[in-house]
Amino acid sequence: MLEQIDLTQVNWARAQFALTAMYHWIFVPLTLGLSFLVAFFESIYVRTGNEEWKRLTKFWMTLFGINFAIGVATGIIMEFEFGTNWSNYSWMVGDIFGAPLAVEGIFAFFLEATFFAVMFFGWNRVSKGFHLFSTWMVAVGSNLSALWILVANGWMQFPTGMLFNPDTARFEMQNFWEVLFSPVAISKFTHATSSGFLLGSLFVVGISCWYLLQERHQTMAKRSIIVASVFGLLSATYVGFTGDEAAYTVAQKQPMKLAAMEGLYDGQTSAPLVAAGLINSAKLPGDNQQPFAMEIKIPGLLSLLANRDPGSFVPGINDLVFGNRQQHIIGAQEKIEKGKIALELLRTYKEARKSGDQAIADASLKAFGDYQENMGYGYLNSPSEAVPPVGIAFYAFHIMVVTGAIFPLVLLLILYFQIRDTLAYQQWLLYLGMLCIPLGYVSQQAGWVLAEVGRQPWAIYGLLPVTVANSNLTSGTVMTTFFLFLGIFTLLLIAEISILAKQINIGPEEN
Amino acid sequence: MIGNLDYSTLQHIWWIIASLVGSLFIFLTFVQGGQTLLFTVPRSDEEKALIINSLGRKWELTFTTLVLFGGALFAAFPKFYATSFGGAYWVWMLILFTFIIQAVSYEYRKKPHNFLGSTTYEAFLFVNGSVGILLIGAAVGTFFTGSSFSLNQYNQVTWQTPYRGLEAARNLFNLSLGLFLVFNARVLGAMYLINNIDHKTLTDRCRKSAWKSFLWSLPFLLYVLVNLLFMQGYASSPETGEIFLQSGKYLQNLIGNPVTLGLLLLGLLFVIYAVNITCFKGKNNGIWFGGLGTVLVGLAVFFLAGFNNTAFYPSSYDLQSSLTIYNASSSHYTLTAMTYVALSVPFVLAYIAYVWRQMDSKRLTIAELKSENAEEMY
């Protein structure tokens, strides 16, 4: 299985997946959040019967539609890219991974697709109540689709509810509920959707701040700000709690990712959290260099975050690579040796089955059972390959957290001044509100970079490295599609931003 | 009850479900067919806007059905998903590409400052309706003509041609199936617009266009059908699972399974009836008969490929690498779990039908395009 690896091709396939996923994630979180905000606005309209709320709803709905279309366009490739570029992965885990994708289609996408048409074209065709119901269904559908895809992603981070079948050479599902209710899947879903609510709120607040600065559409802007800043604040609180939970599950299920995102090489008890730091990029596992050129630490906080106990031990990269007997940690080095034995036994088993030698087949299968837990490590050649890119993981994590901490403060101030009705005079705050839109997007992207780069070198954590998960393609082929997607998505993004900017400039219809 | 179904029954059920989703997709390509009419049928911007707005309320259903088709195949027949998408890379990538450009076109075409200009977005819609559907047809054609790939003992696919699936379009059978689907989609598109739009001169032109497209589709349909009856097929031995070539395999499948034969004949009759009442009797409801007929023919074609010990994704390069519903399916457990999930499909179809009725009870008029909701229109 190893002889076919073409590293350039794997890296182009990774680049392509990263490109398409990152583009897709520009549009998804706004859909998640703005769909609910539009539903709130329309609910207020239906309750009050006030036509100004209807105009306000329609304005935000127009922006929602522009963003939604490109979200759909960038999404379809994701559904098929597992097959096109990660076909070995698709075969090895399709028995588990395919299910949530199919469920997503049945339960979520049709809700969105069906009710989207009512939302936009049903104003005069269906009753007020049914229209409102449709708007809510689009919001529910969007967020349900996030549930299923995050269940799938959660499973890649923490594979559960399955067994390896040596005859088919794949993993097979044993328990659907374990896959669905895996702690990683749940924390991913709650964290990602609430961050989407927050981004939607920042978007509405930021644009409304611009109107206040321009002294245009002020009533509409103030109304939007009230609803969106309350929703944003609630969401931000929830983002904080679910973020803490996400970090805890990472520590429990993916200790290497935690060590990388904190730049922690030597594990320690009462481990400090690096609040900010400059990574020493020359540092390698096992050498004597300092991991940071400079850093600011908060004592005991990492242990608290990782294990909910400030005095607990948090393993570092060196412990996970070379092992730590004292803490009963088996290192990647030892796992690789066991994994290579597992792969050899699997090969012997398959050959014996083919030649009909039942005795050898039985013996190798039995022995394989003792080693299969580390089978994935057998594909690695050196223990340092088990370490994800520390710098990217570290900076992505810290950018996400720092930007994430700014948002609730800004929203709180905006809400405070809005309630006192003096927001329009706080120019600095209005600019800050606008700045939060790009910062929100940066935070979102950083979160996914951390999640996926921190998963390296694995496609499925601990079981299947990306180097074995890919399709048998030439790097030229993948490079070509990479640039095709880069080109078309960039063109479409420019079109989207240009259309959005124009619509924002036009603003809502005034009475 | 579902928990007690044996493995082979589940594999058959899932081939039926996948076939149904695939056939519904082919019906829903009336959207793509309608998109190709944009450059010929309307004579003014208003008429063009009617067509775009009519199709614009349905395009997401087609799109979503395609996505579900992919998802259902991934969940139920992961070896097909891995082999075909990873192997026939270019043909699938180009198909997806045409759907990517479709997805923004309705929303962006008329918006000010849309960067690429309306004509570009209209061209995107045309490419999706023509090239996209043609390639889908060619890819489905390989269910019968086979592809050049091999699988190793770990089921990893190696494709034997550098064209990565595009070679399918060089085969006359596959090409004919693709062209048939393109023209059939145009027939369906015209019928849908006739049903959905209230504009006499425009719908009259749609009737003429439906008849022309139907005539164009006939030679390709006949070529496909006649070949299907006489071509060699990829049979699988029920005892050993060994794959071998058998002459008249699909004819045997047809005769051996009266349901498939019935579906095919009934489907063709429905389509012909629909064309007749649309083009010569001035009726507006042809789409329902044409749509149902298309679904039935689609089911028959997929059943021919998958049932009665036939390899549905055959390899002409290495017969034993061919995929059957038995060797390509998910595990017994996953198929059982997914069958429970599939119980919700009638519910989903019901709410789609309900919303469709609610939205389409009044036909689209130019007056509506200019109403107070004009800014929402495409």
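Bear in mind that the values here come from a model prediction, so they are computed numbers and not experimental data. (Residues numbered from 1 in each chain as written. Chains lettered and ligands numbered in written order. Predicted model: local features only at pLDDT ≥ 70, side-chain atom pairs only at ≥ 80, totals over all residues.)

Of regular secondary structure, chain B possesses 15 helices and four strands. In terms of C-alpha radius of gyration, chain B reaches 21 Å, essentially the compact-globule figure of 21 Å for 378 residues. Along the three orthogonal principal directions, the C-alpha set of chain B runs to about 65 × 45 × 45 Å. When each of the 378 residues of chain B is scored for burial, the buried share is 58%. Taking the contacts inside chain B whose residues are at least 6 apart along the sequence as the reference set, 78% of them involve residues at least 24 apart. (Helix = DSSP H or I, 4+ residues; strand = E, 2+ residues; numbered from the N terminus. Rg over C-alpha atoms; globule rule 2.2 N^0.38 Å. Buried ≥ 20, exposed ≤ 12 C-beta atoms within 10 Å, placed from the backbone. Contact = placed C-beta atoms within 7 Å.)

With that settled, consider the overall build of chain A. Along chain A, the regular secondary structure elements total 16 helices and eight strands. Taking 511 residues into account, the globule formula puts the C-alpha radius of gyration at 24 Å, and chain A, at 25 Å, falls close to it. The C-alpha extent of chain A, read off along each of the three principal axes, is 85 × 50 × 40 Å. For chain A, with 511 residues in total, the buried portion stands at 54%. Taking all contacts inside chain A whose residues are at least 6 apart in sequence as the whole, residues at least 24 apart take part in 76%.

Before going further, it helps to spend a moment on helix α2 (residues 51-85) of chain A. Residues and elements named next belong to chain A. Taking 1.5 Å of rise per residue, the 35 residues of α2 would be expected to cover 51 Å, and the 50 Å separating its terminal C-alpha atoms lies within 8% of that figure. Approximately 40° is the largest bend angle found in α2, and it occurs at E79. With respect to burial, α2 is a largely interior element, 28 of its 35 residues being buried. (Expected span 1.5 Å × (residues − 1). Bend = angle between axes of the 7 residues up to and from the residue.)

The next thing to look at is the domain arrangement of chain A. Residue and element names in this part refer to chain A. Considered domain by domain, chain A is made up of domain 1 (2-254 + 388-504) and domain 2 (263-322). Using C-alpha coordinates to define each centre, domain 1 is positioned 30 Å away from domain 2. Counting from both sides, the interface comprises seven residues of domain 1 and, opposite them, eight residues of domain 2. Mapped by element, the contributors of at least two residues to the side of domain 1 that touches domain 2 are α7 (218-253) and α13 (390-419). (Domains from an automatic or database assignment.)

To continue, consider the packing of helix α1 (residues 7-48) of chain A against helix α14 (residues 427-453) of chain A. Residues and elements named next belong to chain A. Packing of α1 against α14 leaves a shortest axis separation of 10 Å and a crossing angle of 130°. In terms of orientation, α1 and α14 fall into the oblique class. Relative to α14, α1 is oriented so that their crossing is right-handed. Only Y441, Q444, Q445 and W448 of α14 make contact with α1, whose side of the interface consists of A21, M22, W25, I26 and P29. Of the residues assigned to the contact of α1 with α14, the class counts are seven nonpolar, two polar and no charged. (Axes fitted to C-alpha atoms, helices over the stretch in contact; angles between N-to-C directions. Parallel < 35°, antiparallel > 145°, perpendicular 65-115°, else oblique. Left-handed = near helix turned anticlockwise from the far one by under 90°. Nonpolar A, V, L, I, M, F, W, Y, C, P; charged D, E, K, R; others polar.)

This part covers the interface of chain A and chain B. Between chain A and chain B, the residue contacts involve 63 residues of the former and 61 residues of the latter. Elements with a minimum of two residues in the side of chain A that touches chain B: α2, α3 (87-121), β2 (170-173) and α16 (475-506) of chain A. The dominant element in the side of chain A that touches chain B, judged by the number of residues it contributes, is α3 of chain A, at 25 residues. Of the residues contributing to the side of chain A that touches chain B, the split by class is 38 nonpolar, 18 polar and seven charged.

Turning our eyes to something else, we now look at the environment of D204 of chain B. Residue and element names in this part refer to chain B. Structurally, the position occupied by D204 is in helix α9 (residues 200-230). Judged by local crowding, D204 falls into the exposed class, with 12 C-beta atoms found within 10 Å. In the structure, D204 is positioned 17 residues away from V187 in sequence and 13 Å away in space, judged by C-alpha atoms.

This next bit is on the nonpolar core. Judged by nonpolar contacts, the single largest core of 293 residues is most densely connected at W60 and L450 of chain A together with L96 of chain B. Of the residues forming this core, the biggest block, 23 residues, is contributed by α3 of chain A. Ignoring anything within four residues of it in the chain, the contact list for W60 of chain A reads L34, L37, V38, F41 and V204 of chain A. Judged by nonpolar contacts, the second largest core, of seven residues, contains A342, Y349, F368 and M375 of chain A. (Core = buried A, V, L, I, M, F, W, Y, C linked by C-beta atoms within 7 Å.)

A few words on unusual backbone geometry. In the segment running from Q456 of chain A into P457 of chain A, the intervening peptide bond is cis, with an omega of 5°. Checked against the element boundaries, P457 of chain A lands in the loop between α14 and β7 (458-460). For D421 of chain A, which is not a glycine, the phi torsion comes out positive at approximately 60°. With respect to the helices and strands, the residue D421 of chain A is situated in the loop between α13 and α14. Residue classification places D421 of chain A among the exposed positions, given that 9 C-beta atoms sit within 10 Å. Its identity as a non-glycine residue notwithstanding, F115 of chain B has a phi of 70°, on the positive side.

Let us now look at α13 of chain A. Residues and elements named next belong to chain A. Helix length check: α13, at 30 residues, gives a terminal C-alpha distance of 44 Å against a target of 44 Å (1.5 Å per residue), a fit within 8%. Those residues of α13 that sit buried are V390, A393, F394, A396, F397, M400, G404, F407, V410, L411, I414 and Q418. For α13, the secondary structure elements touched by its buried residues are α6 (183-214), α7, α8 (255-261), β4 (273-279) and α14. Trailing α13 by a residue or two, D421 shows a phi angle of about 60°, which is positive.

A few words on the environment of I352 of chain B. Checked against the element boundaries, I352 of chain B lands in helix α14 (residues 345-360). Not counting residues up to four positions away in its chain, the partners in contact with I352 of chain B are F110 and T114 of chain A together with L61 of chain B.

Here α2 of chain A crosses helix α5 (residues 78-87) of chain B at 85°, and the two axes come no closer than 6 Å. As judged from the angle between their axes, α2 of chain A and α5 of chain B are roughly perpendicular. Contacts from F80, G83 and T84 of chain A of α2 of chain A reach α5 of chain B at Y81, A82, F85 and G86 of chain B. Among the residues making up the contact of α2 of chain A with α5 of chain B, the classes are represented as four nonpolar, three polar and no charged.

With that out of the way, let us pick up the environment of S147 of chain B. Residue and element names in this part refer to chain B. As for its position among the elements, S147 is in the loop between α7 (118-145) and β1 (149-151). Put simply, S147 and E167 are 20 residues apart on the chain and 8.8 Å apart in space, counted from C-alpha to C-alpha. Residues in contact with S147, not counting those within four places in the same chain, are A88, T142, S315 and S316.

Let's shift gears to the pairing of β2 of chain A. Residues and elements named next belong to chain A. Bridge count between strand β1 (residues 162-165) and β2: four bridges; the pairing is antiparallel. Bridging across to β2, N165 finds its partner in R170. Hairpin connection from β1 to β2: four residues lie between these consecutive antiparallel strands, with A169 at a positive phi of about 60°. (Pairing = 2+ DSSP bridges.)

For the rest of this paragraph, the subject is the confidence of the model for chain B. The share of residues in chain B with pLDDT of 70 or more is 100%, and the mean pLDDT across the chain is 94. The ipTM, which scores confidence in the relative placement of chains, is 0.93 for this predicted complex, and the corresponding pTM is 0.94. (pLDDT = per-residue confidence, 0-100.)

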